[in-house]
Amino acid sequence: MAEQESLEFGKADFVLMDAVTMPEFMANLRLRFEKGRIYTFIGEVVVSMNPYKNLNIYGRDTIEQYKGRELYERPPHLFAIADAAYKAMKRRSKDTCIVISGESGAGKTEASKYIMQYIAAITNPGQRAELCPLFPQSRVIVQQPGERSFHSFYQLLQGGSEQLLRSLHLQKDASAYSYICPGAQLKCSINDGAEFKAVADAMKVIGFKQEEIQTVYKIVAAILHLGNLKFYVDGDTPIIENSKLVSVIAELLSTKAELVEKALLFRTVATGRDVIDKQHTEQEATYGRDAFAKAIYERLFCWIVTHINDVIEVKNYDTTVHGKNTVIGVLDIYGFEIFDNNSFEQFCINYCNEKLQQLFIQLVLKQEQEEYQREGIPWKHIDYFNNQVIVDLVEQQHKGIIAILDDACMNVGKVTDEMFLEALNSKLGKHAHFSSRKLCATDKTLEFDRDFRIKHYAGDVIYSVTGFIDKNKDTLFQDFKRLMYNSSNPVLKMMWPEGKLSITEVTKRPLTAATLFKNSMIALVDNLTLKEPYYVRCIKPNDKKSPQLFDEERCRHQVEYLGLLENVRVRRAGFAYRQSYEKFLHRYKMISEFTWPNHDLPSDKEAVRKLIECHGFQHDVAYGKTKLFIRTPRTLFTLEELHAKMLVRIVLFLQKVKLPLPHKLSSSSLNHPCSPFCLSCCTDSRFGCCWIFLGACSCFAGRWRAAELIRSVPPEVLPQLRAKVAAMELLKGHRADIGLQRAWQGNYIALKPDRAQSSGSFTPVANELKRKDKYMNILFSCHVRKVTGLGASRDQTDSHLDQQDINTECPEGLVGLSVSNGKDQLVVFHTKDNKDLIVCLFSNDPSNDSRIGELVGVLASHFKREKRSLHVSVTNPVQCSLHGRKCTVSVETRINQPQPDFTKHRSGFVLCVPGN
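Rules and cut-offs
Residues numbered from 1 in each chain as written. Predicted model: local features only at pLDDT ≥ 70, side-chain atom pairs only at ≥ 80, totals over all residues. Heavy atoms only, no water. Helix = DSSP H or I, 4+ residues; strand = E, 2+ residues; numbered from the N terminus. Buried < 20%, exposed > 50% of the residue type's maximum accessible area, 1.4 Å probe, protein only. Contact = heavy atoms within 4.5 Å. Areas by Shrake-Rupley, 256 points an atom, 1.4 Å probe, with all protein chains shown as cover. Pairing = 2+ DSSP bridges. Axes fitted to C-alpha atoms, helices over the stretch in contact; angles between N-to-C directions. 1 Å grid on protein atoms, 1.4 Å probe; cavity = no way out; pocket = protein on both sides within 12 Å on 5 of 7 lines; lining within 4 Å. Points joined across faces, edges and corners; volume = space filled by probe spheres on them. Nonpolar A, V, L, I, M, F, W, Y, C, P; charged D, E, K, R; others polar. UniProt positions renumbered as here; feature names shortened; annotations may be inferred. Patch = residues over 30% accessible without salt bridge, like charges linked within 9 Å, V, L, I, M, F, W, Y side chains within 5 Å. Salt bridge = Lys/Arg side-chain N within 4 Å of Asp/Glu carboxyl O. Lys, Arg positive; Asp, Glu negative; His and termini not counted. Charge placed at Lys NZ, Arg CZ, Asp CG, Glu CD. Phe/Tyr/Trp six-rings, centres within 6.5 Å; stacked < 30°, edge-to-face > 60°. Lys NZ or Arg CZ within 6 Å of the ring centre and 35° of its normal. Core = buried A, V, L, I, M, F, W, Y, C linked by side-chain atoms within 4.5 Å. Parallel < 35°, antiparallel > 145°, perpendicular 65-115°, else oblique. Left-handed = near helix turned anticlockwise from the far one by under 90°.

The subject of this paragraph is the overall build of the protein. Helix and strand counts for the protein come out as 34 helices and 28 strands. Counting only residues that meet the buried cut, the protein has 50% of its 916 residues in that class. When contacts within the protein are restricted to residue pairs at least 6 apart in sequence, long-range pairs at least 24 apart make up 64% of them. Per element, the accessible surface of the protein, about 44800 Å² overall, is 52% carbon and sulfur.

Here it is in structure tokens:
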């Protein structure tokens with residue numbers, strides 16, 4: 001149980017629901033999302049909601065809070081599951097795997113990035129995580145409505161320099177390329193230009209050579225150009241409409257144009273001893289082109305993953321010295337898909353999810369049964385939906401849908417999608433989870449000769465057989481493999497080793513797309529069964545990417561197909577909560593006189609039994625060998641309420657006796673902070689019998705000691721001290737340099753002018769403002785570079801600095817500040833009237849003197865004295881409003897930038913800061 005969270009945020013673990021029903025599950029999910037709690041446990045599973053905004057919950061401080069802690073000790077978080085997987089690997093010397101699933105847009109990729117970040121932060125160089133790719137090829141050439149293609153395409157176009165794009169024969173407009181055109185029209189919060197630079201820098205850091213990075217760009221560009229190829233047939237001869245692109249593609253792939261053209265228009269076939277070139281039809285050429293594009297991207301993806309895994313693999317590992325070489329796998333996998341039109345791609349993806357759901361339930365059940373067996377608790381049979389019947393419907397040899405589809409593709413002569421559907425009706429007509437219009441003539445949701453329905457665990461899905469035959473035959477012709485193997489680019493050649501075989505050496509019929517997918521799924525499941533799995537289930541709260549909107553129907557649909565309610569039922573297994581006796585006592589021993597401060601019973605188990613019985617919970621628990629099992633959540637919540645009430649009593653008692661703690665506690669007591677210490681026993685009838693724990697007293701002792709230290713501080717230093725404390729509370733862990741080590745002088749223009757020519761005009765204008773507005777002191781002054789109301793950039797340091805300028809810098813309606821998380825000096829002042837002020841602080845003496853911390857601390861301390869609220873946000877990019885218009889301000893480092901300056905951007909402004 002994540003005990004640090006109040007029930008006002010809902011239940012941090014769905015296992016603790018009073019009733020395992022969909023309405024209660026959804027109500028808890030909604031409450032936690034609306035309260036800003038995006039993570040919730042189901043035992044050892046994390047349910048993750050996409051917040052559609054940046055949250056400051058992934059920094060170094062948060063990592064330290066979860067490092068080495070048990071799951072129940074901290075609120076639900078990705079770091080909790082990552083740490084659990086890491087501890088399991090270290091303690092049991094067993095490979096572990098974190099499976100991250102959910103539909104597109106649910107936050108899977110971000111979750112995997114944060115998990116990898118955590119593992120990298122807590123592991124030694126001699127330990128490693130392993131990337132496990134499962135790659136949706138079809139997304140290269142076609143996307144669902146509202147989705148983009150892979151980010152790499154847009155990043156290259158938006159982030160690549162003019163010189164790079166020119167060398168790749170590309171233009172920045174993504175809508176010019178057929179494969180990614182639909183995604184170019186979508187609004188996206190991702191800064192593709194910045195991401196391109198980040199990826200390029202990361203590749204250099206991890207060890208990719210410059211020529212390898214250049215090859216990556218060439219492959220991505222070649223795919224974009226492939227998508228723009230058009231075919232037509234002149235008589236019986238296939239022709240490429242825009243043949244100039246062939247030379248471009250050949251150049252990028254380091255091969256000859258005539259070889260590329262031949263591979264696109266013909267297929268080399270061996271018949272006995274003869275070798276002939278078979279012409280493609282227009283449709284065959286189009287399918288071949290798309291298959292080639294998908295295959296190139298997949299080979300590139302797998303090559304990058306392999307390269308990274310090779311780099312992070314421990315070299316010269318000696319098992320006799322270091323023990324078994326174990327890994328943590330991180331698997332980011334697409335989720336169940338139900339669209340208005342579901343085709344071959346959705347069929348494969350949903351089969352994948354059926355397979356993983358089956359494994360998921362089996363492993364959770366197995367883990368539960370094993371724990372019950374270890375603890376000597378009788379196992380209660382759990383009714384759950386076993387989807388093995390659906391898995392068999394798809395993959396069973398000779399009888400499953402994939403086998404029937406393969407048979408249809410291998411038949412001689414013209415085979416149509418309708419003939420495939422007829423074969424399904426004939427062989428699967430009596431299957432309880434299969435239906436079609438021919439089998440259910442009155443079901444008008446199905447079209448004759450087109451649709452079939454599968455009853456998945458996540459719900460019914462109607463598939464259109466249109467394109468099934470062609471897409472299943474969508475195997476890559478050997479001509480393309482030989483073309484790539486014979487490339488003069490060594491990196492490309494390495495990606496296509498099977499191209500070494502000549503046409504006469506290739507005798508086996510290539511496996512179909514569905515069979516290849518099935519084999520990869522079987523291999524994946526076999527791999528996962530050898531690892532100890534942990535799960536992250538990602539949910540998309542709405543389709544509008546809004547951080548406030550919780551779409552009930554949309555979320556319920558995902559909860560159903562992720563099988564989350566089923567997971568809760570299995571995890572409950574009769575008992576909602578279990579905990580070791582030692583840790584249970586550590587939290588709850590204060591609620592019983594028999595266990596506080598220490599018990600004298602033979603064992604912790606007996607002490608727990610005594611505590612449970614004295615509160616009358618003995619009929620709602622079971623005692624295992626090392627753990628207590630609690631049946632209903634209500635008992636646990638009652639224990640929590642008793643625990644909270646006792647803490648209040650302790651505080652009241654301390655206030656009653658008015659402890660000057662250092663005088664009441666002996667020095668020997670204070671020297672043993674880890675041991676329970678019996679200070680006194682209060683028998684006042686208002687408080688009952690209340691024993692005091694040294695841990696509570698030491699807190700008050702710390703406060704008393706702090707008060708004594710503050711009394712010794714000179715009064716003139718206190719304002720600066722308060723400001724530094726305020727800055728540290730707001731910025732520590734978010735910005736590297738707060739400026740705590742130097743003296744804070746506040747009025748820099750008057751006391752220590754960076755620019756002498758402007759200081760002369762500053763003093764009289766400031767004095768005039770003091771007289772007019774009747775304020776006593778200047779809290780802070782500094783030269784700045786500001787964005788004007790017209791969007792231009794201007795120095796606020798000129799000799800014409802006037803009263804209006806100073807009024808602008810100190811708005812009456814200030815409600816908040818935003819600063820970036822870097823070393824730059826960007827500040828955005830947020831106002832009530834949405835006329836935010838965007839500035840960059842200047843400091844020339846010394847040139848790298850950071851004043852952000854001082855400005856934030858001084859304002860925060862002032863607002864606190866005034867009993868006003870000041871919201872401070874640390875983020876990049878910064879969201880703001882300029883004259884009522886929403887915009888963003890991001891920070892970019894640029895080589896040879898002489899000084900910080902603002903430039904316009906389509907989404908707002910960019911602060912360019914020197915990078916050398």
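Turning our attention to the sheet that holds strand β12 (residues 459-464). Spatial ordering of the open sheet is given by β10-β11-β12, a layout of 3 strands whose pairing is antiparallel. Looking at strand neighbours, the two that pair on one side only are β10 (434-436) and β12, the edges of this open sheet. Neighbour to neighbour, the strand axes of the sheet diverge by 25° on average, direction disregarded. With respect to the sheet, helix α17 (residues 417-428) is in contact with β10 and β11 (451-456), its orientation differing from that of β10 by roughly 130°.

This next bit is on empty space enclosed by the protein. For the structure on display, the rule yields 2 cavities of 30 Å³ or more. Approximately 90 Å³ is the volume found for the largest cavity. Lining of the largest cavity is provided by Val99, Ser101, Asn353, Leu356, Gln357, Leu359, Phe360, Tyr457, Leu528, Tyr535, Arg537 and Leu562. Only β3 (96-102), α14 (344-375) and β13 (532-539) provide two or more residues apiece to the lining of the largest cavity. Considering every element that reaches the lining of the largest cavity, the biggest residue donor is α14, with 5 residues. Along the lines of polarity and charge, the residues of the lining of the largest cavity split into 8 nonpolar, 3 polar and 1 charged.

Let us now look at the sheet that holds strand β26 (residues 885-894). Pairing is mixed across the open sheet formed by 4 strands, whose spatial order is β25-β26-β28-β27. Where the open sheet ends on each side, the last strands, each with one partner, are β25 (878-882) and β27 (901-905). Direction aside, neighbouring strands of the sheet carry axes that sit 35° apart on average. Here β25 runs beside β26; their pairing, made up of 5 bridges, is antiparallel. For Ser881, the partnering residue across the bridge sits in β26 and is Lys886.

Moving on: the UniProt feature "binding site: ATP" (unreviewed entry) in the protein. Under the local residue numbering, the UniProt record ascribes the feature "binding site: ATP" (unreviewed entry) to Gly102, Glu103, Ser104, Gly105, Ala106, Gly107, Lys108 and Thr109. Along the chain, Ser104 turns up in the loop between β3 and α4 (108-122). Beyond its immediate chain neighbours, meaning those up to four positions away, Ser104 contacts Arg139, Glu147 and Lys540. Note on placement: Gly105 falls in the loop between β3 and α4. Leaving out residues up to four positions away in the same chain, Gly105 has contacts with Asn50, Tyr52 and Lys540.

With that settled, the discussion passes to a positive patch on the surface. Taken together, the side chains of Arg267, Lys278, Lys414, Lys473 and Arg509 make up a positively charged region of the molecular surface. Tracing the sequence through the fold places Lys414 in the loop between α16 (401-410) and α17.

Now for the packing of aromatic side chains. In total, this model carries 24 aromatic pairs according to the counting rule given. Between Phe33 and Phe550, the ring centres sit 6.0 Å apart and the planes meet at 45°, which makes this aromatic pair tilted. Here Phe550 lies in the loop between β13 and α22 (552-561) and Phe33 lies in helix α1 (residues 22-34), a separation of 517 residues in the sequence. Centroid distance Phe575 to Phe629: 5.6 Å. Interplanar angle 75°. Geometry classified as edge-to-face. Remark: Phe629 occurs in strand β16 (residues 627-630) and Phe575 occurs in the loop between α23 (564-572) and β14 (577-580); sequence separation between them is 54 residues. Each of the two residues, Phe575 as well as Phe629, counts as buried. Following the ring pairs from residue to residue traces out a cluster consisting of Phe344, Phe347, Phe420, Phe434, Phe452, Tyr463 and Phe468. Looking at Arg37, its charged tip hangs above the ring of Phe9, at a distance of 3.6 Å from the centre. Lying over the aromatic face of Trp496, Arg299 brings its terminal NZ or CZ to 4.1 Å of the ring centre.

Let's shift gears to the nonpolar core. Counting 127 residues, the largest nonpolar core has Phe25, Leu29, Ile115, Phe420 and Phe452 as the members making the most contacts within it. Per-element accounting of this core gives the leading share, 13 residues, to α14. For Phe420, the residues in contact, after removing those within four places along its chain, are Ile401, Ile404, Leu405, Ala408, Val465, Phe468 and Ile469. One finds Val220, Ile240, Leu252 and Ala285 within the second-largest nonpolar core, a separate group that totals 61 residues.

Note that the residue after Trp596, namely Pro597, is joined by a cis bond; omega there is -5°. Assignment of secondary structure puts Pro597 in the loop between α24 (581-588) and α25 (604-614). With an omega dihedral of 5°, the bond running from Asn876 to Pro877 counts as a cis peptide bond. Mapped onto the elements of the fold, Pro877 is located in the loop between β24 (871-874) and β25. Of note in the backbone geometry, Asn834 takes a positive phi value of approximately 60° without being a glycine. Structurally, the position occupied by Asn834 is in the loop between β22 (826-831) and β23 (837-841). On the basis of relative accessibility, which here comes to 37%, the residue Asn834 falls in the partly exposed class. The residue Lys867 is not glycine, and still its phi comes out positive at about 55°. Within the fold, Lys867 resides in the loop between α34 (852-865) and β24.

This part takes up the environment of Gly227. With respect to the secondary-structure elements, Gly227 resides in helix α9 (residues 210-227). As for Gly227 and Ile180, which are separated by 47 residues in sequence, their C-alpha atoms are 8.7 Å apart. If we ignore the near neighbours within four places in the chain, the residues touching Gly227 are Ser178, Tyr179 and Arg289.

Right, let's get into the packing of helix α11 (residues 257-265) against helix α19 (residues 478-485). Between α11 and α19, the least distance of the axes is 9 Å, while the angle of their chain directions is 165°. The angle between the axes of α11 and α19 places the two elements in the roughly antiparallel class. At the point where α11 passes α19, the crossing takes the left-handed sense. Facing Leu259, Val260, Ala263 and Leu264 of α11, the residues of α19 in contact are Asp479, Phe480 and Leu483. Across the contact of α11 with α19, the residue classes tally to 6 nonpolar, no polar and 1 charged.

Turning our eyes to something else, we now look at the pairing of β25. For β25, the tally of buried residues reaches 4 of 5 residues, placing the bulk of the element in the interior. Hairpin connection of β25 to β26: 2 residues between the antiparallel strands, including His883 at a positive phi of 55°.

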